[in-house]
Amino acid sequence: MASRTVAFLGLGAIGRPMAARLAHASGITLAVWNRTAERAQSFGREHGGRVAASPADAARGADVVITCLPVSADVESLLEGDAGLLASMARGAALVDCTSGDPATSRRIAARLAEQGIGFLDAPVSGGTSGAEQGTLTVMVGGDAALLEGVRPVLEAFGKKIVHCGPVGAGDALKSVNNALLAVNVWSTGEGLAALAKAGVRPEVALDVINASSGRSNASMNLFPERVLTRAFPRTFRVALLDKDVGIAAGVAREQKVPSPLLQLTAELFRLAHVELGEEADHVEAVKLIERWAQQEIA
Ligand code: NDP
């Protein structure tokens, strides 16, 4: 690809391996910034790239700025001020936001950037931290299709399936619904397996049958065998972030006036799980709540 200058902001659980893919891709000159500077410095030591002092410093001279922060409001907070992105992004550059964001804030960010001739795409990702490490993420993109084609070679450093979903906000909306389905599956599989365990059916036997039958899902095929039955519960995707995602999906359904009792209930359940388990717990640890209520471990 023609050489590109890329800035990556937000080296969290998924941002870091995405940025690492860019650091090792040919034809890309990378600058990174992270709120906690030590994390950016450690990234620089491991993968190279220029470690920037501020969002403005990272974005100076960049064709593409990529953000990956918890929520859209965090991205919006990086725009203004002397150290902000708008202080240094050039006309014709693009901000690609890989945050699992909310459509309304993304539309507001896009409008603000457009005033300065800067393009915007909401481009949340799916595939987890292992997908990021392997460069096999799915990227769901909202915004101008021609702008996406221009930045596609950059996104291909970490994305395998890169799909244009519609106007600005469409990527966010689709991502939120995908994650709401993940949440429904984690919760319902947890309830089902707890009930079966109490009824005398071992979880590995239940999963063996379910995974060869119509009730299977990513939760039953991967998350429960690898994380629940083993009691490993690795921390790869915080329950706080899944709470946020299901909340966005429930909001999209309400805004569109779609009756959605299951989405609204799932949003409530994951809000409760977030409050009970705290900021650092993994999303699969929500199952521990079901186990507590059922007084039955799924193992
Ligand atoms: P983490 O919580 O691991 O990391 C968050 C990152 O954002 C850190 O770099 C943090 O900086 C930074 N940050 C937080 N608040 C601010 C702020 N106000 N201003 C500037 N920087 C800030 O999150 P993830 O990497 O897991 O997730 C990032 C996004 O990707 C989320 O929207 C999430 O829903 C989505 N996602 C995550 C997946 C996963 O498997 N983890 C999978 C798919 C999507 P600091 O180091 O200073 O704390």
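Throughout what follows, the structure given in this document is the object of discussion. Only a predicted model underlies this, so the values are computations on that prediction, with no experimental measurement involved.

**Considering the side chain of Asn-179**
Position of Asn-179 among the secondary structure elements: in helix α8 (residues 170-198). The residues touching Asn-179, leaving out its near neighbours within four places in the chain, are Phe-237, Leu-242, Asp-245 and Val-246.

**Regarding the nonpolar core**
Ranked by internal contacts, the top residues of the largest apolar core, which has 32 residues, are Phe-8, Met-18, Leu-22, Ile-66, Val-96, Cys-98 and Phe-158. The set of elements that each furnish at least two residues to this core consists of β1 (4-9), α1 (15-23), β2 (28-33), α2 (37-47), β4 (64-67), β5 (94-97), β8 (137-142) and α7 (145-155). Ignoring sequence-local partners within four residues, the contact set of Ile-66 consists of Val-6, Ala-7, Phe-8, Leu-9, Leu-22, Val-96, Cys-98, Val-154 and Phe-158. With 31 residues, the next largest nonpolar core counts Phe-233, Ile-290, Ala-294 and Ile-298 among its residues.

**A few points about unusual backbone geometry**
Phi is positive for Lys-257, which is not a glycine, with a value near 60°. Turning to its location among the elements, Lys-257 is positioned in the loop between α11 (239-255) and α12 (261-277). Residue Lys-257 is classed as exposed on the basis of its relative accessible area, which comes to 70%. Positive phi is not limited to glycine here, since Gln-295 has a value of about 50°. Relative to the helices and strands, Gln-295 resides in the segment after α13 (286-294). Given the relative accessible area of 69%, Gln-295 is considered exposed.

What counts and how
- Residues numbered from 1 in each chain as written.
- Predicted model: local features only at pLDDT ≥ 70, side-chain atom pairs only at ≥ 80, totals over all residues.
- Heavy atoms only, no water.
- Helix = DSSP H or I, 4+ residues; strand = E, 2+ residues; numbered from the N terminus.
- Contact = heavy atoms within 4.5 Å.
- Core = buried A, V, L, I, M, F, W, Y, C linked by side-chain atoms within 4.5 Å.
- Buried < 20%, exposed > 50% of the residue type's maximum accessible area, 1.4 Å probe, protein only.

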